[in-house]
Amino acid sequence: MDDIQRARRRFIKAGFALASLPIAGSRLTLGQTGQSDVPKRDANDKLMAYGEPSRFVTSERIVEIPGSGGSHHDPFGLTNHLLTPLQDSVGIITPASLHYVAAHAGFYVPDINPAEHRLMIHGMVDHPMLFTMEELKRFPSMSRIHYLECNANFPKARDKTVQEAAGRTSCNEWTGVPLSLLLNEAGVQNGANWIVAEGAEENKGTYCIPLARAMDEYCLVAYGQNGEAIRPQNGFPLRLLVPGLEAINSVKWLRRITVTSEFYMTYNNMGRYSSIDPNIVKTDYVQGPKSVITFPSGGQKLPSPGHYEITGLAWSGAGAVRKVEISVDGGKTWKEAQIRSAVHRIAHTRFGMSWNWTGEEHVLMSRCTDEKGQLQPTPAEFNSRWKPESRGEAHPNFILPWKLGRDGMVQNGLS
Ligand SMILES: Nc1nc2c(c(=O)[nH]1)N[C@H]1C(S)=C(S)[C@@H](COP(=O)(O)O)O[C@H]1N2
Ligand SMILES: [Mo]
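Attention in this report is confined to the structure presented alongside it.

What counts, and where the lines are drawn
- Residues numbered from 1 in each chain as written.
- Chains lettered and ligands numbered in written order.
- Predicted model: local features only at pLDDT ≥ 70, side-chain atom pairs only at ≥ 80, totals over all residues.
- Heavy atoms only, no water.
- Helix = DSSP H or I, 4+ residues; strand = E, 2+ residues; numbered from the N terminus.
- Contact = heavy atoms within 4.5 Å.
- Near = heavy atom within 4 Å.
- Polar contact = N/O pair within 3.5 Å; in protein donor to acceptor, adjacent residues only side chain to side chain.
- Areas by Shrake-Rupley, 256 points an atom, 1.4 Å probe, with all protein chains shown as cover.
- Nonpolar A, V, L, I, M, F, W, Y, C, P; charged D, E, K, R; others polar.
- Pairing = 2+ DSSP bridges.

Details of the environment of valine 162
Considering the arrangement of structural elements, one finds valine 162 in helix α3 (residues 162-166). Apart from residues no more than four positions distant in its own chain, valine 162 is found in contact with Leu86, Gln87, Gly167, Val292, Ile293, Ser297 and Trp402.

What follows is the structure in structure tokens.
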């Protein structure tokens, strides 16, 4: 029996145990409907624009003002991020229009005509190649669900919501050509160790990536996002996807890949790291196990004591989520949560636990164990692992606590 089957069985049992008492909702008596009327059609009815959500849904990305997040290592002061509203998320897929955005050239979004776009692969290859978008789509495609996360996704005590504390991650289905197919077509020469990927911006958004990662099965040259063309802010018409590594590797608006023997200190590598020694520059840090509770989370209010579903997202750059545990007493005791979604490797995974809140104060926490057996650290463990000067380079995967007050208000529990 696998984890999901086991979780399902536990879930069914829990349902039987509660059958005599509704978890939530009110029971109807005969003759009572209690329903509101079906909305009337009126003169204002119009066709909805492509992808427009209901006017009652208020989810939106928020802008992280440059310089406000102490986590940025951006000597140019241009970094900005749009943050995903994780508190509103359900399931594991982030709508493309709510995918977080990070762009080192400020708010600049290249306006690329795909008919004119080209991808060049050159450097230490037998046959330098140039591909049109149409040619790239003739290669066998692959679709996979993967998260991306910026290593600036560093929760701070001042962050009020889970969006502010952890909204620099999203999870999408990405479609494209495995990069290894294209590199094999070009014929990588002996002695090559790195690729330099370049974007079509004025600052080129370049990043230097180990060749071994570029050749692995997960690395994609992607043109599709959640069943449609990649959105401009996320790299239209073409981006690199290097799952499991910090998302700065996943170069957007991809126009050129140079295969090299030596490490190149690019604009973006330079912004992130202080050393030019490739053995010190940790370009190949796999992101660790991480999870956040999205409900109840900072800024939300539980209206009254009673049954609730504590839920959140867990992920790991090292593979699949094996287990998520929840504590309601600040980490003194832990209970295994249930997995409430399909489990993909290097992808957000939904977890949940039914909980009866009796109106007391609580500190809610979640922690993830991944398929390698790695356990998400506490803030103290994270701090002891990383010296202050190198914390900005680390994947900030420590536990994020939420404080639930007697009034039902939820606040950031980091100190
Ligand atoms: N060309 C280019 N690619 C880029 C960037 C950039 O500024 N330019 N930002 C990187 C960073 S820091 C991150 S976190 C991810 C964010 O991807 P997203 O904006 O699609 O969420 O893109 C990476 N790829
Ligand atoms: Mo980033």
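Here's the deal with the site of ligand 1
Near ligand 1 there are 19 residues, and of these Tyr100, His104, Glu201, Arg239 and Lys252 occur at the shortest range. Here an oxygen atom of ligand 1 and a side-chain polar atom of asparagine 234 are 2.9 Å apart. Contact distances for ligand 1 include 2.7 Å between an oxygen atom and a side-chain N or O atom of arginine 239. Notes on ligand 1: free accessible area 530 Å², of which the protein chains cover 99%. The element contributing the most residues to the shell around ligand 1 is strand β3 (residues 101-103), with three residues. A class-by-class count of the residues in the shell around ligand 1 yields nine nonpolar, seven polar and three charged.

Focus on the sheet that holds strand β20 (residues 362-370)
The five strands lie next to each other as β17-β16-β20-β21-β22, forming an open sheet whose pairing is antiparallel. The open sheet has two edge strands with one neighbour each: β17 (335-336) and β22 (410-412). Of the strand pairs in this sheet, strand β16 (residues 321-327) and β17 are connected by two bridges, and their pairing is antiparallel. Bridge pairing links glutamate 325 to glutamate 336 in β17.

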